[in-house]
Amino acid sequence: MCGIVGHLGPSQSVEIVLEGLRRLEYRGYDSAGVTFLNQSGKLETHKKTGKIVNLEKALSSVNTDSMVSIGHTRWATHGGVTDFNSHPHSHEHLSMVHNGIIENADSLRDTLQGKGFSFKSETDSEVFLMLVFSLLEKMPLKEAILKGFSQVEGNSAFVFINEKTREIFAIKRAAPLVCGTHHTKSQAVVSSDPYALIGAADRIYFPGDEVLCHLSPANKDLISFYDSEGNPSENYKSQKQEMEYDPSDKGDFEHYMLKEIYEQPGLVRSLCQFYFDGDGKKFLEKVSSLRPNRFHISACGTAFYAGLLVRDFIEGINRIPCVYELGSEFRYRNPILKEGDVGLFISQSGETADTLASQGECKSSSIQTVSLVNVEGSSLYRECDYNLLIRAGVEIGVASTKAFTQMGLTGRLLAHALGEHYGDAHHEKKLIDKFSLLAERIDEVLANVEDIKKIAEEIYNKKGYFFTGRGIYYPIALEGALKLKEIAYVHAEGYAAGELKHGPIALIDEEMVNIAIVGPELKDKTISNIQEIKARKGIIVGIGPNDNSLKKISDYFLELNFEGLDELSPLYVNVVNQLLSYYMAKFKGTDIDKPRNLAKSVTVE
Ligand code: AGP
């Protein structure tokens, strides 16, 4: 996925654009560039293959003082990774960036070449720039962009900068685009991701498809919107920019991951408030009208494990069957999609290519789709028929923590909305109380962090790790193992506790650690499984209720109070695993917030 950022305001335009592009680096890219209006009033473009730091080096000897600028991080689709093919693309007084694919680029290019237009790059993007140029002979820029856009096929977002008027135009079809204004700073911004606009905008706008966004210093509102006929349009959503993020702000925390673990109790409480007393009520109301015969749950990584929790909620509470499949597998399994099925897609970023492809598979089979997603305005958010925001705030740590908790709880709210007690004040109060109890219990785990840290210090250098659990704790075993792998770079596996005896127990010796999750449900059976590992000299880290037999066989024991949490207990246990993995990684000295080989959002298949 390419990244787009544009800015106009009193100053600092290039710095603001570069900061926005840095925030989009997680998407992965192979080149970066900016165009800005220089002190001579001319458009000046600098673009380099490789990381943003290469672009910054190219700019280090340039006067970048400017009031209007657009920038881009490119993930090559049409045309190789070269400086020329990088964006922005410029011609005379116009410069443009693009995210998406122009499906009829070849035919448009042939037509334009027939009219004598030439091209500097191999990209499809430049075709739109020259198409607009070809129309400028007959109409003003605003109309030329609208007319040109009506001739372009495929999903795309374009952002233009006009040297003559210092204005920015932006338009999109089924591609992410968000605008913003900050009136005290007298600036307007545009991006492919609201995350890039945090701090630069105090109000954000999500334009509809085919809506032309016009950012202009001549407009006292800084921004206006037009429909495909060029008339003023109201086809956009606007909201206060609520997400807070300051690149230097980890507060007292050494890592974003730890900060985000500690944010969880507050987020659990605010999620409840949002859906029961706030703007979220309408989302819950809308989704409560669904009558699925069956759910298809699809997601990737941590989101997939959250999906297994949600499966337990829906099958347990609503008795609606759920099939579930990894995003990367779903579309290749020729899924059996029947009328009355509903697709449920879970994603923090809303940009994970495999999850988007699964959603597309359902959409093309006319199956209704629901998202549990963190980024409003993301591709998944826009593609789904129904959306429940997980309200995790910005998650910087590549290893997902708070988003997992919020995904699980939002899935629990979905089960409530589909349940027979939806709208019943008494049942809602009970659920709200349970959420609140979960927040309190997570607070207790956080207060008990020293005990967890001590265990981490004892076990972080062992040969391998099995996270085990039964029933509703099995997804937590899987997620716990993933967390440890991701940030400590050690081999860990999540297993159903009852499954180890069917082979994996061969791996157990005095160097293997079993992080044994024991809930009140299936306690005795789970303890029997742990005894099988103990008998083979495995190191046991028992996580469970106050139980003598469990304590006796545990080399290390963390007592948890499951009272009253019921189906939410797995989310309580999971925080212990988050902290255990965090401190093990810390003792190993790895890059916890940006682990090697990983991206925050995997936007490629
Ligand atoms: C989790 O810690 C990883 N960062 C990764 O597994 C992630 O959950 C997965 O790539 C899905 O991302 P998404 O939630 O943004 O779709």
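Along each chain, residue indices are assigned from 1 in the same order as the chain's sequence is written. Residues qualify for local features only when their pLDDT is at least 70, as the model is predicted, and side-chain atom pairs are given and counted only at 80 or more; totals for whole chains, interfaces and linings, by contrast, use all residues. Side-chain metrics rest on all non-hydrogen atoms present in the structure, leaving aside hydrogens and water.

Considerations on the overall build of the protein
A run of DSSP states H or I qualifies as a helix once it reaches four residues; a run of E qualifies as a strand once it reaches two. Both are numbered from the N-terminal end. For the protein, the count of helices and strands is 19 helices and 24 strands. Two things to know: the radius of gyration comes from C-alpha atoms, and the globule rule equals 2.2 Å times the number of residues to the power 0.38. The C-alpha radius of gyration of the protein comes to 26 Å, within 12% of the 25 Å expected for a compact globule of 605 residues. Seen through its principal axes, the protein has C-alpha atoms that stretch 85 × 55 × 45 Å. All accessibility values rest on the Shrake-Rupley procedure with a 1.4 Å probe; residue burial counts only the protein chains present in the view. Entry remark: accessible area of the protein is about 23,500 Å², with carbon and sulfur atoms responsible for 48%. Taking the average place of the 66 positive charges on the side chains of the protein and the average place of its 82 negative ones, the gap between the two points comes to 1 Å. Asp and Glu are treated as the negative residues and Lys and Arg as the positive ones, with His and the ends of the chain left uncounted. Where a charge lies is defined by one atom per residue type, namely NZ (Lys), CZ (Arg), CG (Asp) and CD (Glu).

A few points about the site of the ligand
Think of it this way: one heavy atom of a residue within 4 Å of a molecule or strand is enough to make that residue near it. The immediate surroundings of the ligand are formed by 16 residues, with Ser347, Gln348, Ser349, Thr352 and Glu486 found nearest. N or O atoms within 3.5 Å of each other form a polar contact, as long as, within protein, one can give a hydrogen and the other can take it, and as long as residues adjacent in sequence are counted only when both atoms are side-chain atoms. At 2.6 Å from an oxygen atom of the ligand is found a side-chain nitrogen or oxygen belonging to serine 347. Those elements that place two or more of their residues in the shell around the ligand are helix H9 (301–318) and helix H16 (474–488). Each residue gets one of three labels, nonpolar for Ala, Val, Leu, Ile, Met, Phe, Trp, Tyr, Cys and Pro, charged for Asp, Glu, Lys and Arg, and polar for the others, Gly among them. Each residue belonging to the shell around the ligand can be placed in one class, and the counts come to seven nonpolar, seven polar and two charged.

So, the sheet that holds strand S16 (residues 322–326)
At least two bridges found by DSSP between two strands are what make those strands a pair. Taken together, the five strands give an open sheet; going across it, the order is S16-S15-S17-S18-S19, and neighbouring strands pair in parallel fashion. Each end of this open sheet is capped by a strand with a single partner; those strands are S16 and strand S19 (386–389). Going across the sheet, the axis of each strand differs from the next one's by a mean of 20°, ignoring polarity. Bridge count for strand S15 (residues 294–299) against strand S17 (residues 341–347) is five bridges, and the pairing is parallel. In the sheet register, phenylalanine 295 faces S17, and the bridge partner there is valine 342. Sheet strands in contact with H9 are S15, S16, S17 and strand S18 (368–373), and its direction is about 175° off that of S16. Helix H11 (residues 353–364) rests against S15, S17 and S18 of the sheet, and its axis sits at about 165° to S17. Each axis is a line fitted through C-alpha atoms, taken for helices only over the stretch in contact, and angles between the N-to-C directions span 0 to 180 degrees. By definition in these notes, contact holds between two residues if any of their heavy atoms fall within 4.5 Å.

Section: the sheet that holds strand S21 (residues 492–496)
Overall, parallel pairing links the five strands, which are arranged S21-S20-S22-S23-S24 in an open sheet. A single partner strand is all that each edge strand has here, and the edge strands are S21 and strand S24 (556–559). Here the average twist between neighbouring strands, direction ignored, is 15°. Two elements, strand S22 (residues 512–517) and strand S23 (residues 539–544), share five bridges in a ladder whose sense is parallel. Across the sheet, residue asparagine 514 finds its bridge partner in S23, namely isoleucine 540. Contacting S22 and S23, helix H17 (residues 523–534) runs over the sheet at an angle of about 170° to S22.

Quick word on the side chain of glutamine 187
Topologically, glutamine 187 is positioned in strand S10 (residues 187–191). Engagement of the side chain of glutamine 187 in a polar contact is seen with the side chain of histidine 7, the distance being 3.0 Å.

Details of the environment of lysine 115
Within the secondary structure, lysine 115 is located in the loop between helix H3 (105–114) and helix H4 (125–136). Burial classification: accessible surface area is computed with a 1.4 Å probe over protein chains only, and a residue below 20% of its type maximum counts as buried, one above 50% as exposed, and the rest as partly exposed. Judged by relative accessible area, lysine 115 falls into the exposed class, the value being 56%. Residues lysine 115 and aspartate 202 lie 87 residues apart in sequence; the distance between their C-alpha atoms is 45 Å.

With respect to the state of the cysteines
The disulfide definition used here is simple: a pair of cysteine sulfur atoms within 2.5 Å. If you walk through the whole model with that rule in mind, you get zero disulfides. In this structure cysteine 300 is not part of a disulfide, and its nearest cysteine sulfur, from cysteine 362, lies 13 Å away. A relative accessible area of 23% means that cysteine 300 is categorised as partly exposed. Take cysteine 322: it sits in no disulfide, and the sulfur closest to it among the cysteines is that of cysteine 362, at 13 Å. On the basis of relative accessibility, which here comes to 7%, the residue cysteine 322 falls in the buried class.

Brief notes about the environment of aspartate 249
Residue placement: aspartate 249 occurs in the loop between strand S14 (236–240) and helix H6 (256–262). Look at aspartate 249 and you get partly exposed, because its relative accessible area is 35%. In the structure, aspartate 249 is positioned 29 residues away from glycine 278 in sequence and 28 Å away in space, judged by C-alpha atoms.

Some remarks on the packing of H9 against H16
Relative to each other, H9 and H16 sit at 170°, their axes nearing to 9 Å. Considering their axes alone, H9 and H16 lie roughly antiparallel with respect to each other. Mapping the contact onto sequence places Gly301, Thr302, Tyr305, Leu308, Leu309, Arg311 and Asp312 in H9 and Pro475, Ile476, Leu478, Glu479, Leu482 and Lys483 in H16. Classifying every residue of the contact of H9 with H16 gives seven nonpolar, two polar and four charged. Each angle is binned into one of four classes, with values under 35 degrees roughly parallel, values over 145 roughly antiparallel, values of 65 to 115 roughly perpendicular, and all other values oblique.

Side note on the pattern of salt bridges
Within this document, salt bridges are pairs made up of a side-chain nitrogen of Lys or Arg and a carboxyl oxygen of Asp or Glu, the two lying within 4 Å of each other. Counted according to the given criterion, the structure contains 32 salt bridges. Here lysine 402 and glutamate 263 are joined by a salt bridge, their closest N and O atoms 2.5 Å apart. Taken together, the residues span a long stretch of sequence, with lysine 402 in helix H13 (residues 402–417) and glutamate 263 in the loop between H6 and helix H7 (264–277) at a distance of 139 residues. Using a relative accessible area of 24% as the deciding quantity, one classes glutamate 263 as partly exposed. Taking the shortest distance from any N to any O, the salt bridge between lysine 523 and aspartate 547 comes out at 2.5 Å. Of the two residues, lysine 523 is situated in helix H17 and aspartate 547 in the loop between S23 and helix H18 (548–553); the sequence distance between them amounts to 24 residues. Judged by its relative accessible area of 22%, lysine 523 is partly exposed.

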